[in-house]
Amino acid sequence: MEPSTPNVARMYDYYLGGDEALPVDREAAELVLATAPQVRTAVAENRGFLERVVTHMAAQGIDQFLDIGSGLPTQRNVHQILAEVSPGARVVYVDYDPVVVERSIHLLAGIDTADCMLGDVRKLSALCDEPRVSELINFDRPVGVLLLAVLNFVGDEDNPAEVVSELRRLTAPGSLVALSHGAREQSLSTSRGIEHAYRRASGQAVLRTRTEVLRLLDGCEILPPGLVYGAQWTAEPSAPMGDPGTAMTFAALARL
Ligand SMILES: C[S@@+](CC[C@H](N)C(=O)[O-])C[C@H]1O[C@@H](n2cnc3c(N)ncnc32)[C@H](O)[C@@H]1O
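Quick notes on the rules
Residues numbered from 1 in each chain as written. Predicted model: local features only at pLDDT ≥ 70, side-chain atom pairs only at ≥ 80, totals over all residues. Heavy atoms only, no water. Axes fitted to C-alpha atoms, helices over the stretch in contact; angles between N-to-C directions. Helix = DSSP H or I, 4+ residues; strand = E, 2+ residues; numbered from the N terminus. Parallel < 35°, antiparallel > 145°, perpendicular 65-115°, else oblique. Left-handed = near helix turned anticlockwise from the far one by under 90°. Contact = heavy atoms within 4.5 Å. Nonpolar A, V, L, I, M, F, W, Y, C, P; charged D, E, K, R; others polar. Phe/Tyr/Trp six-rings, centres within 6.5 Å; stacked < 30°, edge-to-face > 60°. Polar contact = N/O pair within 3.5 Å; in protein donor to acceptor, adjacent residues only side chain to side chain. Near = heavy atom within 4 Å. Areas by Shrake-Rupley, 256 points an atom, 1.4 Å probe, with all protein chains shown as cover. 1 Å grid on protein atoms, 1.4 Å probe; cavity = no way out; pocket = protein on both sides within 12 Å on 5 of 7 lines; lining within 4 Å. Sits in = over half its atoms within 2 Å of the grid points.

An unreviewed UniProt entry lists the protein under the name SAM-dependent methyltransferase, with Allocatelliglobosispora scoriae given as the organism.

Structure below.
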């Protein structure tokens, strides 16, 4: 039977031009695009941030990654970037959506440096205890954690700031976290329109202000260039601050 709930991972794939979306996902995604057509560009900016930040983390010597809320496999996934910039580096993809996990496991067949498993960003200690995670990730060594466009599906009632605090407890010194998060800096009607369009979906979008997103990284040292818009993020210390692009997502790299 066709699902009747729009799936946030398939909606995201639709914005990126993938072909996983079902009619119910397309309908919900079109509702978002009617409110904010720039969402398509914003998700491309987010994937650009992913590529730059993973490349930079690998250049800093991080060779094991946990990508939480990884989404449906698309072009330039973390293991593909790592194969080019740091062959042998490992990644565990985690998502709470069985559809995502099934598709990812299929894609990763035969690749021994990457795996995907079901897990919830709100239950991190259970996740880190999973034997399949510890097969690829040694938590006694620095790990690169990716929280890209996932905490904007964790409502305040689930205490999203606790996610990063928990990561600080669970990871070794030298570990880094890359965060991106939907921004509530656009017009009130755009923010409300987006949140409204996600109300029926498998995850409710929660856009946050700069101050609220900074609070999610409490206790961490945010590395240059700080919390900026996704299109602006660069690890180049001398680069001038670039164009904010759609200004729809915040992005930062921080020391856990
Ligand atoms: C917008 S996609 C982001 C995909 C990818 N991280 C990126 O930025 O390109 C959000 C993903 O987070 C997943 N997700 C939402 N809430 C989650 C939770 N509590 N735990 C784990 N995954 C979650 C969704 O299933 C979806 O695949």
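1. Focus on the packing of helix α3 (residues 39-59) against helix α4 (residues 78-85)
For the pair α3 and α4, interaxial distance at closest approach is 10 Å and the crossing angle is 45 degrees. Classified by the angle between their axes, α3 and α4 sit oblique to one another. As for how α3 packs across α4, the hand of that crossing is right-handed. Packed against α3, whose contacting residues are L50, E51, V54, T55 and A58, the element α4 presents V78, I81, L82 and V85 at the interface. Across the contact of α3 with α4, the residue classes tally to seven nonpolar, one polar and one charged.

2. Description of the packing of aromatic side chains
The geometry of an aromatic ring pair is captured by two quantities: the separation of the ring centres and the angle between the planes. Within this structure, the stated rule accounts for three aromatic pairs. Where F49 meets W233, the ring centres are 5.4 Å apart and the plane angle is 75 degrees; that geometry is what we call edge-to-face. One end of the pair, F49, is in helix α3; the other, W233, is in the loop between β7 (228-229) and β8 (249-255), and 184 residues separate them in sequence. Look at Y229 and F250: their rings are 5.3 Å apart centre to centre, the planes differ by 15 degrees, and that puts the pair in the stacked class.

3. With respect to the environment of G71
The topology assignment puts G71 in the loop between β1 (64-68) and α4. Distance in space between the C-alpha atoms of G71 and Y96 is 9.3 Å, their sequence separation being 25 residues. Discounting chain neighbours no more than four positions away, the residues touching G71 are D95, V100 and S104.

4. Details of the side chain of R208
Looking at the secondary structure, you find R208 in the loop between α9 (188-197) and α10 (210-216). For R208, the side chain forms a polar contact with the main-chain oxygen of V154, separated by 2.7 Å. A distance of 3.0 Å separates the side chain of R208 from the side chain of H181, its partner in a polar contact.

5. Observations regarding the site of the ligand
Around the ligand, the structure places 20 residues, and the nearest of them are Y12, N46, R47, G69 and D95. One of the side-chain N or O atoms of R47 is found 2.7 Å from an oxygen atom in the ligand. Residue V121 places a main-chain N or O atom 3.0 Å away from a nitrogen atom belonging to the ligand. Protein burial of the ligand: of its 600 Å² of free accessible surface, 98% is covered by the chains. Judged by the proximity of its atoms to the pocket grid, the ligand belongs to the largest cavity. Taken together, the residues that form the shell around the ligand break down as 10 nonpolar, five polar and five charged.

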